[in-house]
Amino acid sequence: NAGVTQTPKFRVLKTGQSMTLLCAQDMNHEYMYWYRQDPGMGLRLIHYSVGEGTTAKGEVPDGYNVSRLKKQNFLLGLESAAPSQTSVYFCASTPFSGWRQPQHFGDGTRLSIL
Amino acid sequence: AQSVTQLDSHVSVSEGTPVLLRCNYSSSYSPSLFWYVQHPNKGLQLLLKYTSAATLVKGINGFEAEFKKSETSFHLTKPSAHMSDAAEYFCVVSDPMNYGGSQGNLIFGKGTKLSVKP
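Residues numbered from 1 in each chain as written. Chains lettered and ligands numbered in written order. Predicted model: local features only at pLDDT ≥ 70, side-chain atom pairs only at ≥ 80, totals over all residues. Heavy atoms only, no water.

Trainee: Please give an account of the environment of Leu78(A) that cites residues and values.
Mentor: Residues and elements named next belong to chain A. Looking at the element boundaries, Leu 78 is found in strand β8 (residues 73-78). For Leu 78, a relative accessible area of 2% puts it in the buried group. C-alpha separation for the pair Leu 78 and Gln 17, spaced 61 residues apart in sequence, amounts to 8.1 Å. Residues within four places of Leu 78 in sequence aside, it is in contact with Gln 17, Ser 18, Met 19, Leu 21, Gly 63, Tyr 64, Gln 85 and Leu 111. (Helix = DSSP H or I, 4+ residues; strand = E, 2+ residues; numbered from the N terminus. Buried < 20%, exposed > 50% of the residue type's maximum accessible area, 1.4 Å probe, protein only. Contact = heavy atoms within 4.5 Å.)

Okay, here's the thing in structure tokens:
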């Protein structure tokens with residue numbers, strides 16, 4: 001049982017390049033989330049999804065897009081990378097009745113924008 | 001508005017001594033509360049959770065936390081620190097009033113780094 005898997009684990013981009021981060025979960029969870037973690041800031045929610053085909057903005061959505069075409073996958077896209085998007089990105093998931101349930105996290109994607 | 005405050009950004013203890021990581025929260029409802037641990041270059045792992053049952057919650061690796069509604073606190077403790085406990089710890093609040101809002105359903109504290117000296 002893999003849980004939440006994020007690919008890639010590391011990536012270096014140049015300013016203006018685009019890329020997609022993939023999150024896959026095998027727990028049949030309805031809700032999925034993308035966070036960014038910066039030193040001293042805790043985790044901040046970028047976008048989230050409450051089910052296949054749905055997405056919603058979180059606290060810091062600017063510069064990112066997401067898609068949830070399949071229930072098990074949640075993609076985070078950077079259309080034109082900026083140095084301010086250098087961060088560690090975490091994906092998480094939780095069951096449908098999630099507000100009392102803990103989120104399950106992947107191991108993160110470390111992204112550097114030069 | 002809901003919020004979580006971890007009162008110490010860094011705590012240092014000696015191996016074998018008690019650990020106390022402090023967390024205060026504000027919530028408009030009866031929240032769920034969690035503590036997560038993050039080891040270097042790893043994701044967040046759930047240590048324990050409070051979901052309106054017993055106020056003293058036991059977690060993995062000997063950690064426990066007590067929910068005190070009157071003090072709006074959920075401090076994490078461990079009787080005897082081990083070198084492997086060195087990590088960053090996050091206190092997290094889940095509030096149903098916030099569910100589906102722009103913050104999703106979790107509000108994270110900024111983290112406490114625990115150092116354990118030999």
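Trainee: Can you lay out the pairing of strand β5 (residues 32-38) of chain B for me, pointing to particular residues and giving the numbers?
Mentor: Residues and elements named next belong to chain B. Counting buried residues in β5 gives seven out of seven residues, a clear majority hidden from the surface. Of the two faces of β5, the one carrying Ser 32, Phe 34, Tyr 36 and Gln 38 and the one carrying Leu 33, Trp 35 and Val 37 are both buried. Two elements, β5 and strand β10 (residues 87-94), share seven bridges in a ladder whose sense is antiparallel. Bridged to Ser 32 within β10 is Ser 94. Relative to strand β6 (residues 44-50), β5 runs antiparallel, the two sharing six bridges. Within β6, the residue paired with Gln 38 across the bridge is Leu 44. Remark: five residues form the turn of the hairpin made by β5 and β6, two consecutive strands paired antiparallel; Asn 41 in that turn has positive phi of roughly 60 degrees. (Pairing = 2+ DSSP bridges.)

These values are about where atoms sit, not about what they do.
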